[in-house]
Amino acid sequence: MAAAFMHGFILAFGLILPLGVQNIFVFNQGALQKRFINALPVVLTASLCDTLLISLAVLGVSLVVLGSFWIKTILLSTGIVFLLYMGWSTWKSTPGNHKSENNTAETFTPLKQIVFAASVSLLNPHAIMDTVGVIGTSSLNYNGAEKAAFTIACIVVSWIWFIGLAAVGQMTGELDKSGRFMVIINKISALIMWAAAIYIGFSLF
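Predicted model, so just to flag it, every value in this text is computed and none were measured.

Student: If you had to explain the packing of aromatic side chains to someone new, which residues and values would you point to?
Tutor: The tally for this structure, following the rule as stated, stands at seven aromatic pairs. Both rings, one in Phe5 and one in Phe9, keep their centres 6.4 Å apart while their planes meet at 25°; by these two values the pair is stacked. One end of the pair is Phe5 and the other is Phe9, both in helix 1 (residues 2-16) and four residues apart, which spans about a single turn. The partly exposed category is assigned to Phe5, whose relative accessible area is 30%. Ring geometry for Phe13 against Trp161: centres 5.9 Å apart, planes inclined by 85°, an arrangement best described as edge-to-face. Within this pair, whereas Phe13 is found in helix 1, its partner Trp161 is found in helix 8 (residues 144-175), the two being separated by 148 residues in sequence. On the basis of relative accessibility, which here comes to 37%, the residue Phe13 falls in the partly exposed class. Taking relative accessible area as the criterion, Trp161 reaches 18% and is therefore assigned buried. A connected cluster of aromatic rings, assembled from ring pairs, spans Phe25, Phe82, Tyr85 and Phe116. Over the ring of Trp91 we find Lys187, and its NZ or CZ is 4.4 Å from the ring centre.

Okay, structure coming up:
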């Protein structure tokens, strides 16, 4: 059972580590919010969405759903549109001196954090394919308690990662009082989102 847990932990860490849309959004919210507690909605939403996707992948439900051509096409198309919108929204944002008391820059409300975090998690075809294709397939090697240990390990990694990512973002925001670094991060983030949309578009058409 310990081997299954370690397998799940290492596998999930390897999948979640690369710079992606979900990671960028969690980091940005950590940096833009004045206090870490204000970024909790995005952390909890991203973690819960990952928990849902991992659970569905291990149970084999998501594989059946994505086996439908039309559902897969709708999912990918929606993901492309959303990534293009997110990229544009991120590119236009100007963090400014977001940590100052006189700050007038817009920060995401808890509801907006939840909606966007759920969208970048559930409408991100690349992340879903990784979850289904890698975690779901790898879980077939286990049964019973071992499968449970594997699943729990994958879920634990997501929670630890998103909490840590938002915390690092918060520290970055504290150090970057002028907001110049966050402007650069936002531009890079937007380009990554647009690149992801183009990649998905090519795979769809």
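Student: For the nonpolar core, give the residues involved together with the corresponding values.
Tutor: Formed by 40 residues in total, the largest nonpolar core has its most connected members in Phe25, Val26, Val42, Met86, Ile135, Phe150 and Phe162. When contributions to this core are tallied by element, the ones reaching two or more residues are helix 1, helix 2 (21-32), helix 3 (40-59), helix 5 (69-92), helix 6 (110-122), helix 8 and helix 9 (180-204). The greatest single-element share of this core, amounting to eight residues, is contributed by helix 8. With residues near it in sequence (within four places) discarded, Phe150 still touches Ala4, Phe5, His7, Gly8, Leu11, Ile135, Ser138, Ser139 and Tyr142.

The rules behind each value
- Residues numbered from 1 in each chain as written.
- Predicted model: local features only at pLDDT ≥ 70, side-chain atom pairs only at ≥ 80, totals over all residues.
- Heavy atoms only, no water.
- Phe/Tyr/Trp six-rings, centres within 6.5 Å; stacked < 30°, edge-to-face > 60°.
- Helix = DSSP H or I, 4+ residues; strand = E, 2+ residues; numbered from the N terminus.
- Buried < 20%, exposed > 50% of the residue type's maximum accessible area, 1.4 Å probe, protein only.
- Lys NZ or Arg CZ within 6 Å of the ring centre and 35° of its normal.
- Core = buried A, V, L, I, M, F, W, Y, C linked by side-chain atoms within 4.5 Å.
- Contact = heavy atoms within 4.5 Å.

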